[in-house]
Amino acid sequence: MIGHWLQGQTCTHERLIWATGDVSFADQVRWFRSRAEQAIPGWEALQQRGRAVAQRLSDENSRRLYIQMLVQIELHLTGCRGLASICNAYADYCSWAYPQAFVHAARAVRHYSRGLEALRAAESGQWEHFYRADWLTNISNTIYHTSTLRSFLRMHGDSPDLFLWYKEYLMPETEKHIYLENTHRNPLPDDRLAELLEERLIELGVLDSGRLV
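Figured I'd write up the structure that's included with this text. Residue indices begin from 1 for each chain and proceed along its sequence in written order. For a predicted model such as this one, the threshold for reporting local features is a pLDDT of at least 70, and the threshold for listing and counting side-chain atom pairs is 80 or more; totals across whole chains, interfaces and linings nevertheless cover every residue. Excluding hydrogens and water, the side-chain figures rest on all heavy atoms present in the structure.

**A word on the environment of Ser 140**
Quick reminder of the rule: Secondary structure elements are defined from DSSP: runs of H or I of at least 4 residues count as helices, runs of E of at least 2 residues count as strands, and each element is numbered from the N terminus. Here, residues are in contact when the closest pair of their heavy atoms is within 4.5 Å.
Following the sequence through the fold, Ser 140 ends up in helix 6 (residues 139–155). Separated by 27 residues in the primary sequence, Ser 140 and Ser 113 have C-alpha atoms spaced 8.1 Å apart. With residues near it in sequence (within four places) discarded, Ser 140 still touches Leu 116 and Asp 134.

**Comments concerning the side chain of Gln 28**
As a reminder of what qualifies: Here a polar contact means two N or O atoms within 3.5 Å. Within protein one must be a hydrogen donor candidate and the other an acceptor candidate, and residues neighboring in sequence count only if both atoms are side-chain atoms.
Among the structural elements, Gln 28 can be located in helix 3 (residues 25–55). A polar contact of 3.2 Å, which involves the side chain of Gln 28, links it to the side chain of Thr 20. The contacts of Gln 28, once residues within four sequence positions are left out, are Thr 12, His 13, Leu 16, Ile 17, Thr 20, Gly 21 and Val 23.

**Re the packing of helix 5 (residues 98–121) against helix 6**
Basically, it comes down to this: Angular values range over 0 to 180 degrees, each being the angle between N-to-C directions of two axes fitted as lines to C-alpha atoms, with helices fitted over their stretch in contact. Roughly parallel covers angles under 35 degrees, roughly antiparallel covers those over 145, roughly perpendicular covers 65 to 115, and oblique covers all other angles. Rotating anticlockwise by less than a right angle from the far helix to the near helix defines a left-handed crossing, while the corresponding clockwise rotation defines a right-handed one. Residue classes follow a fixed rule: Ala, Val, Leu, Ile, Met, Phe, Trp, Tyr, Cys and Pro count as nonpolar, while Asp, Glu, Lys and Arg count as charged, and any other residue, Gly among them, counts as polar.
Their axes nearest at 9 Å, the elements helix 5 and helix 6 cross at an angle of 165°. With respect to helix 6, the element helix 5 is oriented roughly antiparallel. Along this stretch, helix 5 crosses helix 6, giving a crossing that reads as left-handed. Side by side, helix 5 and helix 6 meet where Tyr 98, Ala 101, Phe 102, Ala 105, Ala 106, Ala 108, Val 109, Tyr 112, Ser 113, Gly 115, Leu 116 and Leu 119 of the first sit next to Ile 139, Ser 140, Thr 142, Ile 143, Thr 146, Ser 147, Leu 149, Arg 150, Leu 153 and Arg 154 of the second. The class makeup of the residues in the contact of helix 5 with helix 6 is 14 nonpolar, six polar and two charged.

**Comments concerning the packing of aromatic side chains**
For any pair of aromatic rings, the description rests on two quantities: the centre-to-centre distance and the angle between the ring planes. For clarity, the cut-off: Here a Phe, Tyr or Trp ring, Trp counted by its six-membered ring, pairs with any other such ring whose centre lies within 6.5 Å, and the pair is stacked when the planes are under 30 degrees apart, edge-to-face when over 60, and tilted otherwise. Whether a residue is buried, partly exposed or exposed follows from its accessible area with a 1.4 Å probe, protein chains only, as a fraction of its type maximum: under 20%, in between, or over 50%, in that order.
Using the criterion set out here, one finds 10 aromatic pairs in the structure. Look at Trp 31 and Phe 32: their rings are 4.9 Å apart centre to centre, the planes differ by 80°, and that puts the pair in the edge-to-face class. Taking relative accessible area as the criterion, Phe 32 reaches 13% and is therefore assigned buried. Ring-pair connections join several aromatic residues into one group, and the members of that group are Trp 5, Phe 25, Tyr 90, Tyr 93, Tyr 98 and Phe 152.

Structural data, given as structure tokens:
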């Protein structure tokens, strides 16, 4: 989906027809967003139940439960959240709402990164390095693509100096007209800009507060 998008393709993505049917790419993205958002509450509920059970077990059995089941729930939940965020980013991108799209892409990076962290947390004892070859879940690859998407979206509104969004949304009004180029025009990294921008856009009411976050 991300590759199709970043290549500038708007026609039906043939590799997604198996799931969505032969519809436009925009409709394909909407289809995946709907399925991901519908799945999230169920995974959240199952995760809460699993955690409640883990609290009643011994440390050893609680750890075993996490390694054998809870980590898989975490992967499905973060995967659905990440996919929903990517689809939301595409919707905002199509509406030229690039700051919002950038934040949604940053959320996706965060979700998928948490999935990878869950795998690493499950690697201990006989399971040490078990997920090091991440070929089946391929989360590292997904994080790479999603990070590329986030940077791509920043190019659409914060380029060329990577300072415009900071000045428009984050810089105090008293500093917007008179500031030192050498001290104030230091571009923020994507992660930090997304974090601050997310807070500001929510405050302005132009971005959801992120129940899916």
